[in-house]
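Descriptive analysis of the structure
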Amino acid sequence: MMRCLSRWTAAALLCAALTSTAGAETLATTVEQWGLLGSWSVDCSLQPDGDKGAVLSYEIRPDGRVMYRRNFGKAWDENEVVAASIDAEGLLNLMVFFPSLHQTREFGLLLSNDGDLRAIYNRSEHGDYTIRDGKYVKTGRPTPAQHRCD
């Protein structure tokens, strides 16, 4: 009985490890094939400096994790992308865990035909939007196009 239980435990651990690895590969593959990897900015000629310029970067680490880095000059952070999917209209839906905010946020990104990136929505895990339908909730202004910087 103990030998059987031990085998089942080992099999369960192996299955969990393989599932975790496969999930990471799928996530990395999704963002890579969609075209997200690299650095993006509204104006790549500006150095990151608070409200005047920011660089947002997406990369795949050697361990397979997808990371989202925000560089605002003096302030920056690095956050893990925990899920990614592409809907029928080509919108990339990301879930990113922000340790500094103690929350997971979900946002949707769209690539235009000329390769620019736009945020279509951004919401907290509680459904509070900062961007909805491609516009900032507070101002109603459309989100700007971001250009690939590298």
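Above this text sits the structure in question.
Residues numbered from 1 in each chain as written. Predicted model: local features only at pLDDT ≥ 70, side-chain atom pairs only at ≥ 80, totals over all residues. Heavy atoms only, no water.

Our next topic: the state of the cysteines. Per the stated rule, a full pass over the model turns up one disulfide. Each sulfur of the disulfide joining Cys-44 and Cys-149 lies 2.0 Å from the other. Judged by the sign of its S-S torsion, about -80°, the cystine formed by Cys-44 and Cys-149 is left-handed. Within this pair, whereas Cys-44 is found in the loop between β1 (38-41) and β2 (55-60), its partner Cys-149 is found in the segment after β10 (147-148), the two being separated by 105 residues in sequence. The exposure class of Cys-44 is partly exposed, given its relative accessible area of 37%. (Disulfide = S-S within 2.5 Å. Helix = DSSP H or I, 4+ residues; strand = E, 2+ residues; numbered from the N terminus. Buried < 20%, exposed > 50% of the residue type's maximum accessible area, 1.4 Å probe, protein only.)

Counting 20 residues, the largest nonpolar core has Leu-36, Tyr-58, Tyr-68, Leu-94 and Leu-109 as its most contacted members. Of all the secondary structure elements, the ones that give two or more residues to this core are α1 (2-34), β2, β3 (66-71), β5 (92-98), β6 (103-111) and β7 (117-124). Apart from residues no more than four positions distant in its own chain, Leu-109 is found in contact with Trp-34, Leu-36, Tyr-58, Gly-90, Leu-91, Leu-92, Leu-94, Leu-117, Arg-118 and Ala-119. (Core = buried A, V, L, I, M, F, W, Y, C linked by side-chain atoms within 4.5 Å. Contact = heavy atoms within 4.5 Å.)

In this section: the environment of Glu-106. Note that Glu-106 resides in strand β6. A relative accessible area of 22% means that Glu-106 is categorised as partly exposed. Along the backbone, Glu-106 and Val-96 are ten residues apart, and their C-alpha atoms lie at a distance of 6.4 Å. The residues contacting Glu-106, other than those within four sequence positions of it, are Asn-93, Leu-94, Met-95, Tyr-121, Asn-122 and Arg-123. Polar side-chain contacts of Glu-106 include one of 3.0 Å to the side chain of Tyr-121. (Polar contact = N/O pair within 3.5 Å; in protein donor to acceptor, adjacent residues only side chain to side chain.)

In this fold, Lys-52 is placed in the loop between β1 and β2. Residue Lys-52 is classed as exposed on the basis of its relative accessible area, which comes to 64%. A sequence separation of 21 residues divides Lys-52 from Gly-73, and the C-alpha atoms of the two residues are 9.6 Å apart.

Next up on the list: the pairing of β5. Counting buried residues in β5 gives five out of seven residues, a clear majority hidden from the surface. One ladder, built from seven bridges, connects β5 with β6; its direction is antiparallel. Residue pairing in the sheet places Val-96 in a bridge with Arg-105 of β6. (Pairing = 2+ DSSP bridges.)

Turning our attention to unusual backbone geometry. Note on backbone geometry: most residues besides glycine have negative phi, and most peptide bonds are trans. Unlike most non-glycine residues, His-102 shows phi in positive territory, near 55°. Tracing the chain through its elements places His-102 in the loop between β5 and β6. Residue classification places His-102 among the exposed residues on the basis of a relative accessible area of 68%. For Asp-133, which is not a glycine, the phi torsion comes out positive at approximately 55°. Note that Asp-133 resides in the loop between β8 (129-132) and β9 (135-136). Residue classification places Asp-133 among the exposed residues on the basis of a relative accessible area of 65%.

Take it as geometry only, folks, not as evidence of what the structure does.
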